[in-house]
Amino acid sequence: MDEHIEDDERDALAALSSSAARRKTHSYSQQLRTGSGQKRQHQVRKHSLDEDRIPKNIERYYNNHDSSDDDFYPHSAAAGFPPKSGSFSSGAGEYLSHRLDQNLCTDSPEESRPSLAEFIGSGGGAGIFKVPVRAGVHPGRPPCLELRPHPLRETQVGKFLRTIACTETQLWAGQEGGVRVWNTADAYEPGWGVGGRIRRGDEDAAPFLESVNTSPTMCLMVDPANRLVWSGHKDGKIRSWKMDQTLEDSPFKEGLSWQAHRGPVFCLTISSYGDLWSGSEGGVIKIWPWESMEKSLSLTQEERHMAALLVERSFIDLRSQVTINGVCNISSSDVKCLVSDKVRAKVWCAAAVSFSLWDARTRELLKVFNIEGQIENRVDVQSGTDQQVEDEMKVKFVSTSKKEKSGGFLQRSRNAIMGAADAVRRVAKGAGGAFTEDNKRTEALTITSDGTIWSGCTNGFIVQWDGNGNRLQDFQHHPSGVQCFCSFGERVYVGYLSGTVQVLDLDGNLLAGWVAHNSPVIKMAFGTDYVFSLATHGGIRGWTIASPGPIDGMLRSELAAKEPVCTRRDNFKILIGTWNVGQGRASPEGLKAWLGSAATDAGIVVVGLQEVEMGAGFLAMSAAKETVGLEGSSIGQWWQDTIGKSLDEGTTFERMGSRQLAGLLIAIWVRKNLRTHAGDIDASAVPCGFGRAIGNKGGVGLRLRIYDRIMCFVNCHLAAHLEAVNRRNADFDHIYRNMVFSRSSNLLNNAAAGVTTAVQNIRGSNAGNGDEGKPELSEADMVVFLGDFNYRLHSISYDEARDFVSQRCFDWLREKDQLRAEMKAGKVFQGMREALIRFPPTYKFERHQPGLAGYDSGEKKRIPAWCDRILYRDNRASVTGECSLECPVVASILQYEACMEVTDSDHKPVRCKFSVDIAHVDRSVRRQEFGEIFRSEKIRTVVEEYRRVPETIVSSNSISLQNQETAVLKISNKCVKDNAVFQIICEGLSAVKEEGQGSEQRPRGSYGFPRWLEVTPAAGIIKPDQFEEVSVRHEEHQTQDDSADGIPQNWWSEDTRDKEVVLMVNIRGSRSNQTKTHRVSVRHTSTAPRPTRIDSKSKSSKKIHGGSSINRSDFRQLSSSSSSDAHDDHRYLHSP
């Protein structure tokens, strides 16, 4: 075989009789050794290396060419390369000898090799190809408290955070396996996991406590009056948790819990009267009266089953109350949001495209309207799962006339026809067949301190409503979808799908905005000194209430000074391999020669294959699978398994993920000792063939987060043929601009956090980019392009190319390389780098023919070319750059070679080994430093300015009411500069004894009012030197509809006479986190006789009773009892 190779090369040399033999300036080192590191037995060609064969006129070749090394830069001075020069002097002769000697030293260890010289393409300093800006402290957003740094997604299986809520001293988070709680006093402490046990993903999080495992938590609601946190779960249960948890209680257990719904509990709120409202799928809304929960909460742990039963049987099904003959007045869509309007004692319920407004006191439906503010008379047929049992009971036991049955059927038919027609109309109006309402779906709802309601839509619009459901205005400050709100003082924080947070005033004017996270912001909550934001990846950040403001610059400068203390540096190697396999399969020996020997010291291995499988039928099937989110093939899986076996997968390496698009395949393996720092694998595919729809050409990519830095690897197969240079350039540009990463079905962890549909459909939204117009690849710290780029050698014949290759005159061949010429002109791979090519062209070969004699010698005689390439870009904005937080990823190339002995395809496999230095921040140390800075006197002085509370006066501290009587409470703002934000709550309720002394005060849920007391408005804003008059009224209008068999229902037999409550008038400044309180005693006295038994009709009883499982016979049985205990049981067992 060796003799055959030499004969072939001698023939090629003989053809060049008219010119002197040229010296081989770059030898191919891989040919001097096999995969095992042993030297090959054939001799090295002496004619290309001996000094006596060097042509005397070699300077002519260097001077006449366009300086082949002008754009090559060594990574460091240690590489031994001379500076850029316009002539080949005597010094260049030493340089040439050095390069030759270096290439011949193949047995030297990897660490002793200097970095290879690199060619840098033009056009990388502007536009989308500009290196992203990095800094120790992010310059584009306020400094923040990293309560829980962004954890790797793979570490969060079963623990994804879904929601957060704040108390005065704690932050609670609902997760897939229960709840967890942070004490704000420990927010700056170093991470130590759960109760001292470090869990992967939470190493740098502030100390927290965790509950026992439960069903995934969907929502949280804080009840400060009873020091409880209520949680709604995916299994339909509602659970309560005590705020005062200690380390000894971890994992802590739930308190009261009961089965509330058959489907997930999507949202919770507590009304002005202390009742707990819950929303579920199918538009089901239930009320859990405070009286039943209060009784259950007082029971012991041994009576937990009885307590749950008491609450379960007390519910009021609002959907049932407004459903007549199967026709419901409210939407059957899932309940997305519930908000308690405590200013006017109402409750807002938001579905995707409609709202319903309820009276919190009487629980009556006030209004149903759509997202345009138009009143709807809905005729939705009830479809909720909670109503199925009731419908079956109606069929069995309720006698209905034929006329009624017929009318119901006709009504249902009419509804179905109208619904279908409406769907057709929406499809006709929508672009691309999408519903026009899809872009207007409501995702978030909140009430502000001035009493207006804000709703956020998936198209980025925010709509303001008054308290009666009238649309005031809409506006848009960001094109991404709104995901959450947080109202604090006179500011409203808005979290978006793009990861952006904006701060608005109460008129909707934009005050500030920044990219808070690199993934959607799904929940925000106000704490003592911070507004916390939760991203889908589970990271939690706290933004000071003084931001944006002067405090940001102070914190930024102080943190920058702490940079040396917080910075950590790491180094590892990345092995990149690309191979066009030509629909073949590799032998174990070929894979070992390509990857096995080179991967011994690599921390990450990335492999890109082209033409894994081709053919018209396969391409069509692949395109069809892509449309429904499927990918991959059996042959692609074979390649992954075979490569994994050669890398000792399972023992040494772990496969992180892959992506296949037709014949393109990319996969990544990470060494196990590096695995704890690598994750968040995302994938993408961009087809470029046949109208940008078929994957015979295109790109597949993987995005990896390692040491908190982003690396992207893109495997490309660009347009073929010598003359298709512009098409190849266009293919690259299309891939670069349109590669949007998302989770692939082939990734090892495909679990998603429980977020909205809009968040899950993030694939095409460019979420996470600070600049909406920037491609995702432009935001990465390191980007590697590999693959069959198909760039050929131009202006050279087949014979000439073979002659240059046989002599290994790669300097001359590089001048004919299309890719280098296009990169030099700034037309493709702008700003990217490639090592100096020192190996023969990798295309095109006859299969199973070794050596250089294997080049295509058939009828077409394709000109040899470097089709298979590996290029990269790191954080360096200039030729040189040191690794730092401003330039966090710096790479150098240690190896760049082809495996010429592998003959399983018409292309030769290529590999490139990088040495990568990464600078990153120790998040736990930085949080400690941030705490010290924030608690310093200099910063606290600024923060104290936001603790000022305006001076206010309340007209009276004692009010006495008779039946149906109204008193006026006047609140005056004496401050001449600041607005005063007030809220009135009920501290507690007590019964007045005969001697005039009140019993112990008991607060209702969330400091709600008793049902006999109406306070309007209960919250608002008072301008400087102005006052607000608050109506305090005794309200008792019990009617027949409010009772069953003469037993009061709506008031739960509440005795409204001779009671006393203490109202708390809480005052805050417009941006203050401190509160001043005025207490007002309200006593109700009456000499009227006790309410008498009122008869009620069956129809009324059914209407009020709604979906409760209690029968009227239960009321009769309990009401006939003369025992006071039976009367008490009735109060807590039955639904109003």
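Residues numbered from 1 in each chain as written. Predicted model: local features only at pLDDT ≥ 70, side-chain atom pairs only at ≥ 80, totals over all residues. Heavy atoms only, no water.

Chemist: Describe the overall build of the chain, with residues and values.
Modeler: Tallying secondary structure elements over the chain gives 24 helices and 56 strands in all. In the chain, buried positions account for 59% of the 1136 residues. Sequence-distant contacts in the chain: of pairs separated by 6 or more residues, those separated by 24 or more amount to 68%. Carbon and sulfur atoms form 49% of the exposed surface of the chain, whose accessible area is close to 45,100 Å². (Helix = DSSP H or I, 4+ residues; strand = E, 2+ residues; numbered from the N terminus. Buried < 20%, exposed > 50% of the residue type's maximum accessible area, 1.4 Å probe, protein only. Contact = heavy atoms within 4.5 Å. Areas by Shrake-Rupley, 256 points an atom, 1.4 Å probe, with all protein chains shown as cover.)

Chemist: Would you mind going over the packing of aromatic side chains in detail, with residue names and values included?
Modeler: Two aromatic rings, taken as a pair, are described by how far apart their centres are and by the angle between their planes. Using the criterion set out here, one finds 34 aromatic pairs in the structure. Three or more aromatic residues joined by ring pairs form one cluster here, namely Phe129, Phe732, Tyr736, Phe785, Phe789 and Phe829. Seen from the ring of Trp638, Arg585 lies directly overhead, with NZ or CZ sitting 4.8 Å from the centre. Its end group placed over the ring of Phe119, Arg820 keeps NZ or CZ at 5.2 Å from the ring centre. (Phe/Tyr/Trp six-rings, centres within 6.5 Å; stacked < 30°, edge-to-face > 60°. Lys NZ or Arg CZ within 6 Å of the ring centre and 35° of its normal.)

Chemist: Describe the pattern of salt bridges, and please don't skip the residues or the numbers.
Modeler: Under the counting rule described, the total for this entry stands at 51 salt bridges. Ionic pairing is found between Glu210 and Lys159, a salt bridge with its closest N-O pair at 3.7 Å. Remark: Lys159 occurs in the loop between β3 (145–148) and β4 (161–166) and Glu210 occurs in strand β7 (residues 209–210); sequence separation between them is 51 residues. The same class applies to Glu210 and to Lys159, which are both buried. Three or more residues are tied together by salt bridges with common partners; here these are Glu146, Arg541, Asp680, Arg705, Asp708 and Arg923. (Salt bridge = Lys/Arg side-chain N within 4 Å of Asp/Glu carboxyl O.)

Chemist: Tell me about the packing of helix α9 (residues 550–561) against helix α20 (residues 923–934), and name the residues and values.
Modeler: Across the interface, α9 lies against α20 with an axial gap of 10 Å and an inter-helix angle of 130°. One way to sum up the angle between α9 and α20 is to call them oblique. Considering how the two elements wind past one another, α9 and α20 form a crossing that is right-handed. Residues Ile551, Leu555, Glu558 and Leu559 of α9 pack against Phe930, Ile933 and Phe934 of α20. (Axes fitted to C-alpha atoms, helices over the stretch in contact; angles between N-to-C directions. Parallel < 35°, antiparallel > 145°, perpendicular 65-115°, else oblique. Left-handed = near helix turned anticlockwise from the far one by under 90°.)

Chemist: Lay out the sheet that holds strand β44 (residues 889–898) in plain terms, naming residues and giving numbers.
Modeler: Hydrogen bonds between backbone atoms are what pair the strands of a sheet, whose relative direction is either parallel or antiparallel. Taking strand neighbours across the sheet as the criterion, the six strands line up as β36-β37-β35-β34-β45-β44 in an open arrangement whose pairing is mixed. Whereas interior strands pair on both sides, the edge strands pair on one side only; in this sheet they are β36 (653–661) and β44. For this sheet, the mean inter-axis angle between neighbouring strands, taken without regard to orientation, is 15°. In terms of strand pairing, β44 meets strand β45 (residues 910–921) through nine bridges, oriented antiparallel. The residue of β45 that forms the bridge with Gln895 is Lys913. Contacts from helix α13 (residues 634–646) reach β34 (567–580), β35 (604–610), β36 and β37 (664–671) within the one sheet, and its direction differs from that of β37 by about 25°. (Pairing = 2+ DSSP bridges.)

Chemist: Give me the environment of Gln245: which residues, what numbers.
Modeler: Mapped onto the elements of the fold, Gln245 is located in the loop between β10 (237–242) and β11 (257–259). The class of Gln245 is buried, set by a relative accessible area of 12%. Sequence-wise, Gln245 and Leu209 are 36 residues apart; in three dimensions their C-alpha atoms are separated by 7.9 Å. In this view, Gln245 contacts Gln170, Trp172, Leu209 and Phe252; residues no more than four positions away in its chain are not counted.

Chemist: Give me the lowdown on the nonpolar core, citing residues and values where you can.
Modeler: By size, the foremost hydrophobic cluster in this structure holds 59 residues, and its most contacted members are Phe572, Ile604, Met711, Phe713, Tyr896, Phe914 and Val916. Setting aside residues up to four positions removed in sequence, Phe713 forms contacts with Ile574, Ile576, Val606, Ile666, Ile668, Val700, Gly701, Leu702, Leu704 and Val784. (Core = buried A, V, L, I, M, F, W, Y, C linked by side-chain atoms within 4.5 Å.)

Chemist: Summarise the sheet that holds strand β25 (residues 461–465); cite the residues concerned and give the values.
Modeler: Strand order in the open sheet made by the four strands is β23-β24-β25-β26, with antiparallel pairing throughout. The open sheet has two edge strands, β23 (442–447) and β26 (471–476), and neither has a second partner. Sheet twist, expressed as the mean angle between neighbouring strand axes with direction ignored, is 20°. Pairing geometry for β25 and β26, over five bridges, is antiparallel. Looking at the pairing, Ile462 lines up with Phe475 of β26.

Chemist: Pulling in residues and values, what's your account of the pairing of strand β56 (residues 1076–1084)?
Modeler: Sheet analysis places strand β47 (residues 958–961) next to β56, joined by four bridges and oriented parallel. By the bridge assignment, Leu961 is partnered in β56 with His1084.

Chemist: Break down the side chain of Ser115 for me, with residues and values.
Modeler: On the secondary structure map, Ser115 appears in the loop between α3 (90–104) and β2 (118–120). Residue classification places Ser115 among the buried positions, given a relative accessible area of 10%. Here the side chain of Ser115 touches Ser892 through a polar contact of 3.5 Å, side chain to side chain. (Polar contact = N/O pair within 3.5 Å; in protein donor to acceptor, adjacent residues only side chain to side chain.)

Chemist: Before we move on, could you go through the confidence of the model for the chain and cite the residues and values that matter?
Modeler: Per-chain confidence: the chain averages 79 in pLDDT, with 74% of residues scoring 70 or above. Confidence over residues 379–407 falls short of pLDDT 50; this stretch has 38 contacts with residues more than four positions distant or in other chains. Scored below 50 in pLDDT, residues 1089–1136 shows 98 contacts in the model against residues more than four places distant or in partner chains. (pLDDT = per-residue confidence, 0-100.)

Chemist: Outline unusual backbone geometry, listing residues and values.
Modeler: The residue after Tyr843, namely Lys844, is reached through a cis peptide bond having omega 0°. Of note, Lys844 is situated in the loop between β42 (833–835) and β43 (868–873). Unusually for a residue other than glycine, Gln583 sits at a positive phi of about 65°. Tracing the chain through its elements places Gln583 in the loop between β34 and α11 (588–596).

Chemist: Give me the lowdown on the environment of Glu945, citing residues and values where you can.
Modeler: Here Glu945 is to be found in the loop between α21 (937–944) and β46 (952–954). Here the alpha-carbon distance between Glu945 and Ser1072, two residues 127 residues apart in the chain, equals 8.4 Å.

Chemist: Requested: an account of the pairing of strand β29 (residues 500–505), with residues and values cited.
Modeler: Counting buried positions along β29 yields six of six residues, so the element is predominantly enclosed. Residues of β29 alternate between two faces, with Thr500, Gln502 and Leu504 on one and Val501, Val503 and Asp505 on the opposite face, all of them buried. A loop of three residues connects strand β28 (residues 491–496) with β29, the two strands running antiparallel in sequence, and Gly499 in this loop sits at a positive phi of about 95°. Pairing geometry for β29 and strand β30 (residues 510–515), over five bridges, is antiparallel. Pairing of Gln502 across the sheet is with Gly513, part of β30. The antiparallel pairing of β29 with β30 creates a hairpin that spans four residues between the two strands, and Gly508 there sits at a positive phi of about 90°.

Chemist: Go over α13, please, and point to the residues and values.
Modeler: If you check α13, its first and last C-alpha atoms are 18 Å apart, about what 13 residues at 1.5 Å a residue would give, namely 18 Å. Every buried residue of α13 is listed here: Ile635, Gly636, Trp639, Gln640, Thr642, Ile643 and Gly644. Positive backbone phi, at 60°, marks Asp648, one or two positions downstream of α13. (Expected span 1.5 Å × (residues − 1).)

Chemist: Now, about helix α12 (residues 616–627): what can you tell me, with residues and values included?
Modeler: Here α12 is twelve residues long and its end C-alpha atoms lie 17 Å apart, about the 16 Å a rise of 1.5 Å per residue gives. Those residues of α12 not exposed but buried are Phe618, Leu619, Ser622 and Ala623. For α12, the arc enclosing every buried residue in end-on projection is 135°, short of the 170-degree limit, so these residues lie on one face. Within α12, the exposed residues directed more than 90 degrees away from the buried face are Ala616, Gly617, Met621 and Thr627. Here the buried face of α12 lies against β36 and β39 (694–706). Backbone geometry just after α12 places Gly629 at a positive phi near 80°. (Arc of directions from axis to C-beta.)

Chemist: Explain the side chain of Ser498 residue by residue, including any values.
Modeler: Inspection of the secondary structure puts Ser498 in the loop between β28 and β29. A distance of 2.7 Å separates polar atoms of two side chains, one belonging to Ser498 and the other to His478. A distance of 3.1 Å separates a polar atom in the side chain of Ser498 from a polar atom in the side chain of Thr500.

Chemist: Describe the environment of Gly538, naming the residues involved and giving the relevant values.
Modeler: Mapped onto the elements, Gly538 comes out in the loop between β32 (530–535) and β33 (540–544). A relative accessible area of 1% means that Gly538 is categorised as buried. Gly538 sits 365 residues away from Ala173 along the chain, and the two C-alpha atoms are 9.9 Å apart. With residues near it in sequence (within four places) discarded, Gly538 still touches Arg148, Pro151 and Leu161.

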